Amino acid sequence: MSFTLAIVGRPNVGKSTLFNRLVGKKLALVDDQPGVTRDLREGEGRIADLRFTVIDSAGLEEATDDSLQGRMRRLTERAVEMADVCLFMIDARAGLLPADEVFADILRKKNANVILAANKAEGKAADATILEAYALGLGEPIRLSAEHGEGLLDLYNALTPIA
Ligand code: GDP
Ligand code: MG
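- Identification of the protein chain as GTPase Der from Yoonia litorea is taken from an unreviewed UniProt entry.

As structure tokens, then:
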């Protein structure tokens, strides 16, 4: 049986970078610049023998006013509803920010099946955030480096029971 994985989390944590790595094509737009308009993107993801549908929940990357935040929330909710499991991504370098709580809230309210992932976890700088992340109450975070392709074995192991 195949399943659908939605990658959710605040802007700039590395969702599209992971999406591109899982899909193996540059389908999602990765951009350092804030303010780029995006939508939900869907592709065929793959880690070794695991095949699944992957959704990159993006929306508006610079959610500064209320309407943009609302739109982002709706897009995330839609992605969660489409998915069997959500990869909730935080940025291990930036640490936990208030915006991360907004996404954690959506996932709790939707009763989503969540895999917590701390991205940009290459190197020791990530350790403090990994510890903080336990406080989200969403289980043990997986250490990922979407850019360097690290942590995919742990992601594979987390996804295997769902497949
Ligand atoms: P999104 O807004 O969540 O989709 O984030 P992007 O995928 O667009 O990435 C935002 C920025 O983080 C880009 O500059 C990426 O190159 C960078 N990035 C993504 N993954 C990693 C990672 O594993 N390590 C580091 N150091 N940077 C990363
Ligand atoms: Mg993105």
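After that view of the structure, there is still more to cover.
### Considerations on the sheet that holds strand S2 (residues 41–47)
Alright, step 1. Here 6 strands make up an open sheet; going across it, the order is S2-S3-S1-S4-S5-S6 and the pairing mixed. Of all strands in the sheet, those with a lone pairing partner are S2 and strand S6 (142–143), marking the two edges.
Alright, step 2. Here strand S5 (residues 114–119) pairs with S6 via 2 bridges, running parallel. Bridge assignment links Ala117 to a residue of S6, and that residue is Ile142.

### A few points about the packing of aromatic side chains
Alright, step 1. Taken as a whole and judged by the stated rule, the model has 1 aromatic pair.
Alright, step 2. Centroid distance Phe3 to Phe52: 5.1 Å. Interplanar angle 20°. Geometry classified as stacked. Of the two residues, Phe3 sits in the segment before strand S1 (4–8) while Phe52 sits in strand S3 (residues 50–56), which places them 49 residues apart along the sequence. By the burial criterion, Phe3 is buried, and Phe52 matches it.

### Some words on the pairing of S1
Alright, step 1. Taking burial as the measure, the 5 residues of S1 include 5 buried ones, the bulk of the element.
Alright, step 2. With burial as the criterion, each face of S1 is covered, one bearing Thr4, Ala6 and Val8 and the other bearing Leu5 and Ile7.
Alright, step 3. Examined bridge by bridge, S1 and strand S4 (residues 85–91) share 4 bridges and lie parallel to one another. Each residue of the ladder has a partner; that of Ile7, found in S4, is Leu87.

### With respect to the side chain of Asp100
Alright, step 1. By the secondary structure assignment, Asp100 is in helix H3 (residues 98–109).
Alright, step 2. What Asp100 contacts, discounting residues up to four positions off in sequence, is Arg10, Phe88, Ile90 and Gly95.

Quick notes on the rules
Numbering of residues begins from 1 in every chain and follows the order in which that chain's sequence is written. Chains and ligands are labelled sequentially in the order written, the chains with letters from A and the ligands with numbers from 1. Only residues with pLDDT of 70 or above have their local features reported here, since the model is predicted, and side-chain atom pairs are shown and tallied only from 80 upward, although totals for entire chains, interfaces and linings are computed over all residues. Derived side-chain values reflect all non-hydrogen atoms in the structure, with water molecules and hydrogen atoms excluded from consideration. Paired strands are those between which DSSP finds at least two bridges. Numbering of helices and strands starts at the N terminus; helices are DSSP runs of H or I of at least 4 residues and strands are runs of E of at least 2. Only Phe, Tyr and Trp rings take part, Trp by its six-membered ring, and two of them pair if their centres are within 6.5 Å. Stacked means planes under 30 degrees apart, edge-to-face means over 60, and tilted covers everything else. Type-normalised accessible area, obtained with a 1.4 Å probe on protein chains alone, sets the label of each residue: buried when under 20%, exposed when over 50%, and partly exposed for intermediate values. Residues count as neighbours in contact if any of their non-hydrogen atoms are within 4.5 Å of one another.

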